[in-house]
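So you can see what is in the structure, the chains are spelled out below.
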Amino acid sequence: MVAQELDLAGLRRVYGRTGSRLFYTRVARNARHWGWTEPGQSKWRLWRAQRQLEDVLGRKLALPVGARVLDAGAGAGVVARAITVRFGLAVTGVDVLDFHVDTANRLSARAGLADRTTFSCGDYHQLPYPDGTFDGAYSMETLVHSYDPPRALAEFHRVLRPGGRLVLLGPMSTIPLDEMAPDARALLEPYLDAMVMTGAKVYHARNLPRLLAEAGFEVEEALDATPYYTPTTEAVHAYFRLPWAVLRRFGDPARWLNLRSTVEMYAVREYIAWYVHTAVKPPVTDPPAARPSR
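Residues numbered from 1 in each chain as written. Predicted model: local features only at pLDDT ≥ 70, side-chain atom pairs only at ≥ 80, totals over all residues. Heavy atoms only, no water.

1. Things to note about the overall build of the protein
The following threshold applies: Numbered from the N terminus, helices here are DSSP runs of H or I no shorter than four residues, and strands are runs of E no shorter than two. The reference for a compact globule is 2.2 Å times residues^0.38; the radius of gyration itself is calculated from the C-alpha atoms. Partly exposed residues are those whose accessible area sits between 20% and 50% of the maximum for their type, while under 20% is buried and over 50% is exposed, using a 1.4 Å probe and protein chains only. In this analysis, two residues are considered to be in contact whenever any of their non-hydrogen atoms come within 4.5 Å of each other. The Shrake-Rupley method, run with a 1.4 Å probe sphere, supplies the accessible areas, and residue values consider only the shown protein chains as cover.
Counting its secondary structure elements, the protein contains 10 helices and 7 strands. Against the globule reference of 19 Å for 294 residues, the protein gives a C-alpha radius of gyration of 19 Å, in line with a compact fold. Projected onto its principal axes, the C-alpha positions of the protein cover 85 × 50 × 40 Å. Across the 294 residues that make up the protein, the buried fraction comes to 54%. Here the analysis covers contacts within the protein between residues at least 6 apart in sequence; of these, 77% occur between residues at least 24 apart. For the protein, the computed accessible surface area is about 13,800 Å², with 54% contributed by carbon and sulfur atoms.

Laid out in structure tokens, this is it:
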């Protein structure tokens, strides 16, 4: 069973440790997401791949300039600023970690985007916005941390206007954990626990479209984008397997959980897929007019 409450202490441990902060600020330039590499492109251009993934998100949202968009789990606001600049959207980000929100607001102010990107502490399972507030919403690799994915999806549905669009990007297992080979599950499950990826224990490639439908969405596309993500997986594994081996031998591995994710999870890559799900909140249709009585 998935936890039914927020594990804030666990998420602070995952993202707040010195090692994780250094990894995200120095290596990933404050981004918290993977990358998208087109056929024929070099897999070593990791920052380019991240920018291209942000463009994929903007295209899938397919919203007009000025549209209001929710970023569920905004991190340092890298994605929000990118789609604001490139697609002309107005983004409201929520994140449960106060240091993420502080960084996001500071970097947006520095970029001159404070009027078009706003960030506040919040839990996307219980959003403080009225029904129909947003034209679009997205989760960039954050639904894995959901302690109750059906509840989160229902909340996204609530705050979207009729006709509003939802895009979910991120990794998931190809099959349920209990159908995996024992050695793969023995490696993957403790990792999900350490990274507080409780949502990843609930949904997978088979059932996420159904969960979206049960939340009231019409699923427009469930794109298996693994071939576009695989070059980033290969590159980061090659870059960091030696540093991880050294840190694990001579340091405290718990301080470098996010570095661990780039190396150890490579062994279970056959069970991991990367998807882009696009869904729509159905527009309200007027009931058929009553026929006049004769």
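Read on for the rest.
2. Some words on the packing of helix 3 (residues 46-61) against helix 4 (residues 78-87)
When two helices pack together, you describe them by how their axes are tilted relative to each other and by the distance separating the axes. Here is the rule: Only C-alpha atoms enter the line fits that serve as axes; for helices the fit covers just the stretch in contact. Angles between N-to-C directions range over 0 to 180 degrees. Put simply, a crossing is left-handed when the front helix is turned counterclockwise from the back one by less than a right angle, and right-handed when it is turned clockwise. Classification used: nonpolar for Ala, Val, Leu, Ile, Met, Phe, Trp, Tyr, Cys and Pro, charged for Asp, Glu, Lys and Arg, polar for all others including Gly.
Where helix 3 contacts helix 4, the axes come no closer than 10 Å and their chain directions differ by 60 degrees. Considering the relative orientation of helix 3 and helix 4, their crossing is right-handed. Facing helix 3, whose interface residues are Arg51, Glu54, Asp55, Leu57, Gly58, Arg59 and Leu61, helix 4 presents Val78, Val79, Ala82, Ile83, Arg86 and Phe87. In terms of residue class, the contact of helix 3 with helix 4 is built from 7 nonpolar, 1 polar and 5 charged.

3. Details of the pairing of strand 1 (residues 68-72)
The line we're drawing: We call two strands paired when DSSP finds no fewer than two bridges between them. Note on handedness: a clockwise path from strand one over the helix to strand two, with the strands aimed away from the viewer, defines a right-handed crossover.
Among the 5 residues of strand 1, 4 are classified as buried, and the element is accordingly described as predominantly covered. Bridge count for strand 1 against strand 2 (residues 90-95) is 5 bridges, and the pairing is parallel. Residue pairing in the sheet places Leu70 in a bridge with Thr92 of strand 2. Following the backbone out of strand 1, through helix 4 and into the adjacent parallel strand 2, one traces a crossover that is right-handed. One ladder, built from 3 bridges, connects strand 1 with strand 4 (residues 134-140); its direction is parallel.

4. Comments concerning helix 6 (residues 149-159)
Taken together, the buried positions of helix 6 are Pro149, Ala152, Leu153, Glu155, Phe156, His157 and Val159. Along its buried surface, helix 6 packs onto strand 1, strand 4, strand 5 (160-173) and helix 8 (208-214).

5. Some points on helix 2 (residues 18-27)
Just so we agree on the cut-off: Directions from the helix axis toward the C-beta atoms define the arc.
By the burial criterion, the buried members of helix 2 are Gly19, Ser20, Phe23 and Tyr24. The arc enclosing the buried residues of helix 2, seen along the axis, measures out at 125 degrees, which places them on a common side. For helix 2, the secondary structure elements touched by its buried residues are helix 1 (8-16), helix 9 (226-250) and helix 10 (257-263).

6. Quick notes on the side chain of His100
Residue position: His100 is located in helix 5 (residues 98-110). Of the residues examined, His100 reaches a relative accessible area of 4% and is grouped as buried. Contact partners of His100, with chain neighbours within four places excluded, come to Tyr15, Arg32, Gly75, Ala76 and Asp95.

7. Observations regarding the pairing of strand 3 (residues 117-121)
Of the strand pairs in this sheet, strand 2 and strand 3 are connected by 5 bridges, and their pairing is parallel. By the bridge assignment, Asp95 is partnered in strand 3 with Cys121. Note on the crossover from strand 2 through helix 5 to strand 3: the handedness is right-handed.

8. Quick notes on the nonpolar core
Defined as follows: Take the buried residues of types Ala, Val, Leu, Ile, Met, Phe, Trp, Tyr and Cys, join any two whose side-chain atoms come within 4.5 Å, and each joined set is a nonpolar core.
Counting 85 residues, the largest nonpolar core has Tyr138, Leu153 and Phe156 as the members making the most contacts within it. With 6 residues, strand 5 is the largest single contributor of residues to this core.

9. Observations concerning the environment of Glu264
Within the secondary structure, Glu264 is located in the loop between helix 10 and strand 7 (272-280). A residue is classified by how much of its surface remains accessible, and Glu264, at 16% relative accessible area, is buried. Once the C-alpha coordinates of Glu264 and Ala205 are considered, the two residues, 59 residues apart in sequence, prove to be 21 Å apart.

10. Some details on the sheet that holds strand 7
One open sheet holds the 7 strands; their spatial order is 3-2-1-4-5-7-6, and the pairing between them is mixed. Among the strands making up the open sheet, the edge pair consists of strand 3 and strand 6 (218-224). Neighbouring strand axes in the sheet, compared pairwise and without regard to direction, differ in orientation by 15 degrees on average. When strand 4 meets strand 5, the two strands line up parallel, connected through 6 bridges. Bridge pairing links Ala137 to Leu166 in strand 5. Against the sheet, helix 6 engages strand 1, strand 4 and strand 5, with an angle of about 150 degrees to strand 5.

11. Brief notes about the pattern of salt bridges
Worth spelling out the cut-off: The salt bridge criterion pairs a side-chain nitrogen of Lys or Arg with a carboxyl oxygen of Asp or Glu, the two atoms within 4 Å.
Evaluated as defined, the whole model comprises 16 salt bridges. Here Lys60 ties to Glu221 by a salt bridge, and the two come within 2.8 Å at their closest N and O atoms. Residue Lys60 is located in helix 3, and its partner Glu221 is located in strand 6; the two are separated by 161 residues in the primary sequence. Residue Arg158 is joined to Glu155 by a salt bridge in which the shortest nitrogen-to-oxygen separation is 2.9 Å. One end of the pair, Arg158, and the other, Glu155, are both in helix 6, 3 residues apart, so they sit about a helical turn from each other. On the basis of relative accessible area, Glu155 is assigned to the buried category, the value being 12%. Here the residues in one salt-bridge network are Arg51, Glu54, Asp55 and Arg86, joined through shared partners.

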